[in-house]
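# Results of the structural survey
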Amino acid sequence: WTAASAPTDVRFQAALERMHGFYRDIGIELVNITYDDIPSEFREVDAGPQGPGPYDGKLHQMFRLNTYDAGIGLFFVDRIGDAMFGGVIGGIAGGTPGPSLQAGTSRSGIAVATALDSDPQSIGHIMGHETGHFLGLYHTIELAGLGQITDQITDTPEGFIAQDNLMFP
């Protein structure tokens, strides 16, 4: 998509509506949506370091392009991860939580891959899920090598019963 085509593109608007549906259900409205193009060099980005910096990979360079000091910047790329392995990451948030109200940092955004699954419903789900991370939500469960880790919100169902939760991995 481009900044010119996205506002009227049926597939993009379907993905945006899917995301909006998740948040509308809990009283959050998406407003003041803007569209900007990013340089083509960011069509494929790495996943970046997940721990302490430095944050100099293409993903974090792209996040620095976010010049908005309010809202959440979603960047649409073809692929996240090593293209040799198919770019297997659907989306990645700049942090859990992300740096709200801070433009231009290496964590100021969310990347959403569109080549992995081009279905607007899937893309909209990834948009909503990664926005949840950016807003501070963790997965409902993490299957780490040492056992199960669940989120800290007490009303979240534990285990695989939470598969219909937006934040289920």
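A brief report on the enclosed structure follows. (Residues numbered from 1 in each chain as written. Predicted model: local features only at pLDDT ≥ 70, side-chain atom pairs only at ≥ 80, totals over all residues. Heavy atoms only, no water.)

### What to know about the nonpolar core
Heads up, the condition is: As used in this record, nonpolar core signifies buried Ala, Val, Leu, Ile, Met, Phe, Trp, Tyr and Cys residues forming a set joined through side-chain atoms within 4.5 Å. Type-normalised accessible area, obtained with a 1.4 Å probe on protein chains alone, sets the label of each residue: buried when under 20%, exposed when over 50%, and partly exposed for intermediate values. For helices the rule is a DSSP run of H or I covering at least 4 residues; for strands it is a run of E covering at least 2, with both sets numbered from the N terminus onward. Contacts are assigned to residue pairs that have any heavy atoms within 4.5 Å of one another.
Ile110, Val112, Ile123 and Met127 are the most contacted members of the largest nonpolar core, which has 15 residues in total. For this core, the secondary-structure elements that each account for two or more residues are helix H1 (10-24), strand E5 (110-113) and helix H3 (120-134). Residue contributions to this core peak at 5 residues, all from H1. Leave out the neighbours within four places in its chain, and Ile123 touches Trp1, Ala15, Phe76, Val112, Thr114, Asp117 and Ser118.

### Remarks on the sheet that holds E5
Condition: Being paired, for any two strands, means DSSP has found at least two bridges between them. To get an axis, fit a line to the C-alpha atoms, keeping to the stretch in contact for a helix; angles then go from 0 to 180 degrees between the N-to-C directions.
Overall, mixed pairing links the 3 strands, which are arranged E2-E5-E4 in an open sheet. Edge positions in the sheet fall to strand E2 (74-77) and strand E4 (91-93), since each has one partner strand and no second. For this sheet, the mean angle separating the axes of adjacent strands, direction not counted, is 15°. By the bridge criterion, 4 bridges tie E2 to E5 in an arrangement that is parallel. Among the inter-strand pairings, Leu74 is bridged to a residue of E5, identified as Ile110.

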